[in-house]
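The chain contents come next:
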Amino acid sequence: MRLKNKLSLLLISALCTMSLNLAHAQEVPPDVDTPVDTPDDTPTVDKDKVKKKLRADFFLDFDWGEEVINLTPHPKNSEFFESASDTLVMGDYSKGFRVVKYSEVSAGLGGKLTWNWPNKTGLAGKFWLYVGLMPMAGKTAVTNQFQPTFEKAINAKSRKIPMEASDLNSWAQNDSVNYSTTGGLIFSVGAGVPGINVGTDFIVQGTFSTYVEKTSADEVYVMISNTDAKSLVMQVDATVAQVGVTKYKEIEQGMSYMIKFKDPVGQKAYHDLIRGNVAAIQMLLADPNQTAIQKWEKLNRMQMRKLAHFNFGIPFIMSWGWTAGKIYEFSDTRAYYDNTRAEVDYGVYVKEKRKKIFRSMAVKTESFYGSVYRLYSYDNDLITKYIFGQYVFNADDNKTKTKDMNKTINNLIEKTGLSQQLALNIPKYKKLKFSRINLEVNFDEDQTLRFMEAAARMTPEMIAARANQIANNFIMSESTSLALCTPEETEVPMSTDACLAKYMAENTEVSSSLVKAARVMKTHFAAGRDKEFSMAYAEFGRAMLKNATMFQAILGMAGSGAEIVYNVQNTYFQNFRVIYLTTDQAGVYIRKIKGQKDTFIFADKYLNDAVNVASGF
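It should be emphasised that the depicted structure is a prediction, and the values quoted were computed from it without experimental measurement. (Residues numbered from 1 in each chain as written. Predicted model: local features only at pLDDT ≥ 70, side-chain atom pairs only at ≥ 80, totals over all residues. Heavy atoms only, no water.)

A closer look at the overall build of the protein chain
Let me state the cut-off plainly: Working definition: helices are DSSP H or I runs of at least four residues, strands are E runs of at least two. Numbering for both runs from the N terminus. Any residue under 20% of the maximum accessible area for its type is buried, any over 50% is exposed, and the rest in between are partly exposed; the area is computed with a 1.4 Å probe on protein chains only. Whether two residues touch is decided by their heavy atoms; if any such pair falls within 4.5 Å, the residues are in contact. A 1.4 Å probe and the Shrake-Rupley method give the accessible areas. Residues count as covered only by the protein chains that appear here.
A count of helical and extended segments in the protein chain gives 13 helices and 16 strands. The buried share of the protein chain, reckoned over its 617 residues, is 50%. In the protein chain, once contacts between residues fewer than 6 apart in sequence are set aside, the share between residues at least 24 apart is 72%. With the model as given, the accessible surface of the protein chain reaches about 29300 Å², and the carbon-plus-sulfur share is 58%.

Digging into the pattern of salt bridges
Pairing between side chains becomes possible if they bear opposite charge and their charged atoms approach one another. Let me state the cut-off plainly: By convention in these notes, a salt bridge is any Lys or Arg side-chain nitrogen within 4 Å of a carboxyl oxygen on Asp or Glu.
Here the structure, examined in full by the defined rule, presents 26 salt bridges. In this structure, the salt-bridge partner of Arg275 is Glu164, at a minimum N-O distance of 3.0 Å. Linking Arg275 in the loop between α3 (264-273) and α4 (278-285) with Glu164 in the loop between α2 (150-154) and β4 (176-193), this pair joins segments that are 111 residues apart in sequence. You can call Arg275 partly exposed: its relative accessible area is 40%. Residue Glu164 is classed as partly exposed on the basis of its relative accessible area, which comes to 31%.

Notes on helix α12 (residues 548-558)
Summarising burial for α12: 10 of the 11 residues are buried, a large majority. If you check which residues of α12 are buried, you get Ala548, Thr549, Met550, Phe551, Gln552, Ala553, Ile554, Leu555, Met557 and Ala558. At the C-terminal side of α12, Gly559 shows a positive phi close to 75°.

Looking at a positive patch on the surface
Filter applied, for reference: Each patch is built from residues that are more than 30% exposed by relative accessible area and take part in no salt bridge. Like charges join if they lie within 9 Å; nonpolar side chains (Val, Leu, Ile, Met, Phe, Trp, Tyr) join within 5 Å. Positive: Lys, Arg. Negative: Asp, Glu. His and the chain ends are not part of the count. Where a charge sits is defined by one atom per residue type, namely NZ (Lys), CZ (Arg), CG (Asp) or CD (Glu).
A grouping of Lys355, Arg359, Lys399, Lys401, Lys403, Lys430, Lys431 and Lys433 is seen on the molecular surface, where their side chains present a positively charged patch. Tracing the backbone shows Lys355 in strand β10 (residues 340-357). The exposure class of Lys355 is partly exposed, given its relative accessible area of 38%.

Focus: the packing of helix α7 (residues 445-457) against α12
This is how it is decided: Where helices are involved, their axes are fitted lines through C-alpha atoms of the stretch in contact, as for all axes, and angles between N-to-C directions lie from 0 to 180°. Note on terminology: angles under 35 degrees are roughly parallel, angles over 145 are roughly antiparallel, angles of 65 to 115 are roughly perpendicular, and the others are oblique. For a crossing to be left-handed, the near helix must be turned anticlockwise from the far one by less than a right angle; the clockwise case is right-handed. Asp, Glu, Lys and Arg are counted as charged, while Ala, Val, Leu, Ile, Met, Phe, Trp, Tyr, Cys and Pro are counted as nonpolar; the rest, among them Gly, fall into the polar class.
Remark: α7 packs on α12, axes separated minimally by 7 Å, with the N-to-C direction vectors making an angle of 110°. With respect to each other, α7 and α12 are oriented roughly perpendicular. Judged by the twist between their axes, the crossing of α7 over α12 is right-handed. Packed against α7, whose contacting residues are Gln447, Arg450, Phe451, Ala454 and Ala455, the element α12 presents Ile554, Met557 and Ala558 at the interface. Here the residues of the contact of α7 with α12 sort into 6 nonpolar, 1 polar and 1 charged.

Shape descriptors only; they carry no functional weight alone.
Structure, rendered in structure tokens:
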């Protein structure tokens, strides 16, 4: 998740509308009919008279942010150690920095027709209906670049799409730019009274994207894609707060190429492709003697989301919000470089919290992915099929302090119970710029089948009892008890009895859905229904997000080999990374360190690519 200074589109529109209406009310007398004398001399008004008004409607949404991450490994990243006894270190920037800059702007201007009944008495006289239509347009840019020194990283500017191949000479390997333009239409309908509005927005939009990444000293990867999306947003607005549900569907089609940009043929191909002339590069590809261009991958992807959301705040000043719900995604990727085709079904449960105060922005996301991966030959023969799952916690903060990082780590311990594995000593500093705290737990097919079979055989009472026993064990340890019994919302430690009662109630609540999900997983797995299996897997993983005792119970059922990857990144502190493996003994973990190297869960590189996609990398 990119760090954003996000301003609520609908909240800005609502407040601007309120300001305009207030100014209008001060200038124009109330719209009430003049009494008319009737034959019996009784003054009357037409209470059923409808007032219609067509007015301009608009929105403006903009978003920006940056990430500056020290790439120098922590001094002990190459040693065997326990993270709880280690201290983050700053001052060594010898490996340079990774700088990500993000910007987005979108706007719409249209018309809204309103109806109201000003002559009615009471609340009816303040009630209105509306219908509106608004064209919209926008653009988004994300740049990822390496900078060798702290000064250059802090002063780095956002990059544009390189229009000529020679522009890539100054880029470092893995530098990239993703640029998108969007256009669409918003149809809205709703009703309300002063202070409260209930409405529905139907949004249709299309996005054209260009992604460029320098993969080596001589090669560049370019992907051109089109995305069509439809969304239905139903929400209630109350001046400074909104609550609602969003249903969303998008379909993406893309084609990518690997180009030797220093070759004359590659330079011409890049020049044409970056300007949208795909036909020209297809003609060059038709030459069997050329080696400068390679058709890389063809992507077809579909995603559906159903998310609930809540926002509260004042635009430009401060806001709080959360989002939670389910996502299903299917991707079909044809790899021309090795004549294979990969299909992946993803079921995802996600919940996110956002906080913005002036220019300070913090985003905390928890999710669980249930996935089925299938690899086919050029002739469409199935080569391999694999299932895997992944729990992800990610917290980004663009203006962090030591106390903020400590609070986030304590919250992560509260969620997972991994106190000895996650605790860190962080030197006290007030201004640490950007920080990211990330935890991933990866389950391969063996671990998935273990806890699926185990949970499917158990009753909800048995699952709850196992989690409750873990809760009792946690309570017996003073340090663990303090971490697990201090809620993030209040930061006030609970009593031991209250804490234990809380965990036992939550475990009773979630155990039924966990057992049900495991049994549904088993049924769909046996029948080969991959989409349904992945969604049931996500529902099973949702239980991991409930509390630390259920998290530990599921880790225990997974058995040995599940990988726990813990990363703490910052602008100043050196890059901290530690990896643990679960064992056959619940609660006991083997530690290993891989420094800055990529984590490989599976021997098959295609499966690792699929995991990286699920992780958002």
